[in-house]
Amino acid sequence: MVHLSADECKDVSAVFSKVNVDQLGGESLASLLIVYPWTRRHFKTFGNLSSTDAILHNAKVQAHGAKVLGAVRDALKHVANLGGHFAHLSDLHCQQLFVDPANFKLFAGIVSIRVGQTMRQAYTPHVQASFEKFLDAVTDALAKGYH
Amino acid sequence: MTLTAADKALVVALWGKISGQTEALGAEALFRLFTCFGQSKTYFSHFDLSQGSADLKRHGAKVLGALGEAASHLDNLPQALSKLSDLHAYNLRVDPANFQLLSHSIQVTLAAHFPADFTPEAQSAWDKFISAVSGVLTSKYR
């Protein structure tokens, strides 16, 4: 299990306080669907995803991205037991949504890049390391229930 | 995975802005790599890895310079990068997983320095571009 130090938690908290989580979540999900087009396979009910422009203006993508990143942010309060916290969601993604856990890593990578784009030099290498460690812990917890 | 004409244009356009700062940007990308992915430091036991060190600046400039070289030979990467490919296969032998880590570190650096330019389309183009370069550099591994 991954352990985050108090300082690392502080770094993560600072990142979430400096970004608009809804907007960043929406942009990150849109970017995922643009940069890794095969991920669109999971969003067939989301309407028009046929072009970059369509994706960027898709309200369902924005809303879902906001929901996902909001859940990631809320997980910081449960960092001592992310496996337990995400047990239900892990089961859902495995048994009902059939999402390859590799996609969680792809999404996390994009979130980090978007944070860098937003926070610029304030997203120091040190803060990036803390934040990516947290994202790793979240993606691992989400993959934990797979079998 | 192929680079479209639009991808190539995006790569060349952003390279134009990067080319004047390869030392600073390259050093930052490397420092992000070493800070976030400690295992990558195993290839640089002979380096001063402190932030902004002369070693990081020199090597960062070399790495980004090679990407720049690749950017002007997008239609023939294997030939343009042949010597570097040999170097990585027979001499450096960096585990292939590290190319993805460096790609990510470069992209975070670019996003932070060129937020308006690093749109999702630009990110897609650069992700594909660096992936293509990495593929050439590991193509002779076995």
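Up top is the structure these notes are about.
Rules used throughout
Residues numbered from 1 in each chain as written. Chains lettered and ligands numbered in written order. Predicted model: local features only at pLDDT ≥ 70, side-chain atom pairs only at ≥ 80, totals over all residues. Heavy atoms only, no water. Salt bridge = Lys/Arg side-chain N within 4 Å of Asp/Glu carboxyl O. Buried < 20%, exposed > 50% of the residue type's maximum accessible area, 1.4 Å probe, protein only. Helix = DSSP H or I, 4+ residues; strand = E, 2+ residues; numbered from the N terminus. Arc of directions from axis to C-beta. Contact = heavy atoms within 4.5 Å. Polar contact = N/O pair within 3.5 Å; in protein donor to acceptor, adjacent residues only side chain to side chain. Buried area = accessible area lost by both parts, 1.4 Å probe.

Colleague: Explain the pattern of salt bridges to me, please; I cannot follow it from the model alone.
Modeller: Between side chains of opposite charge, pairing is possible as soon as their charged atoms come close. Residues and elements named next belong to chain A. Throughout the structure, instances matching the rule amount to 11 salt bridges over all chains. When the shortest N-O distance is used, the salt bridge between D74 and K77 registers 3.7 Å. Relative accessible area serves as the criterion here: at 30%, D74 is assigned to the partly exposed category.

Colleague: Teacher, can you tell me more about helix α5 (residues 82-92) of chain B here?
Modeller: Residues and elements named next belong to chain B. Considered for burial, the residues of α5 that qualify are S85, H88 and A89. Down the axis of α5, the sector holding all buried residues measures 90 degrees, keeping them to one side. Seen from the open side of α5, the exposed residues pointing more than 90 degrees away from its buried face are K83 and Y90. Check the buried side of α5 and you find it contacts α6 (97-113) and α7 (120-137). Note on α5: the residue one or two positions beyond its end, R93, has a positive phi of about 50 degrees.

Colleague: What exactly am I supposed to notice about the environment of B:S72 here?
Modeller: All names here are of chain B. By the secondary structure assignment, S72 is in the loop between α3 (54-71) and α4 (77-80). On the basis of relative accessible area, S72 is assigned to the exposed category, the value being 51%. Separated by 71 residues in sequence, S72 and M1 place their C-alpha atoms 19 Å apart. Looking at S72, its side chain comes within polar contact range of the main-chain oxygen of E69, at 3.0 Å.

Colleague: Honestly, the interface of chain B and chain A in this entry has me stumped. Any pointers?
Modeller: A common measure of how large an interface is: the accessible area buried when the components associate. Contacts between the two partners involve 22 residues from chain B and, on the opposite side, 22 residues from chain A. Between chain B and chain A, the buried area comes to about 1900 Å², and carbon and sulfur atoms account for 56% of it. Three residues stand out in chain B for area buried against chain A, namely B:R32, B:P120 and B:Q123, and they jointly supply 28% of the buried area on that side. Where chain B touches chain A, the interface holds zero salt bridges. Sorting the residues of the side of chain B that touches chain A by element identifies α2 (22-36), α6 and α7 of chain B as the ones contributing at least two each.

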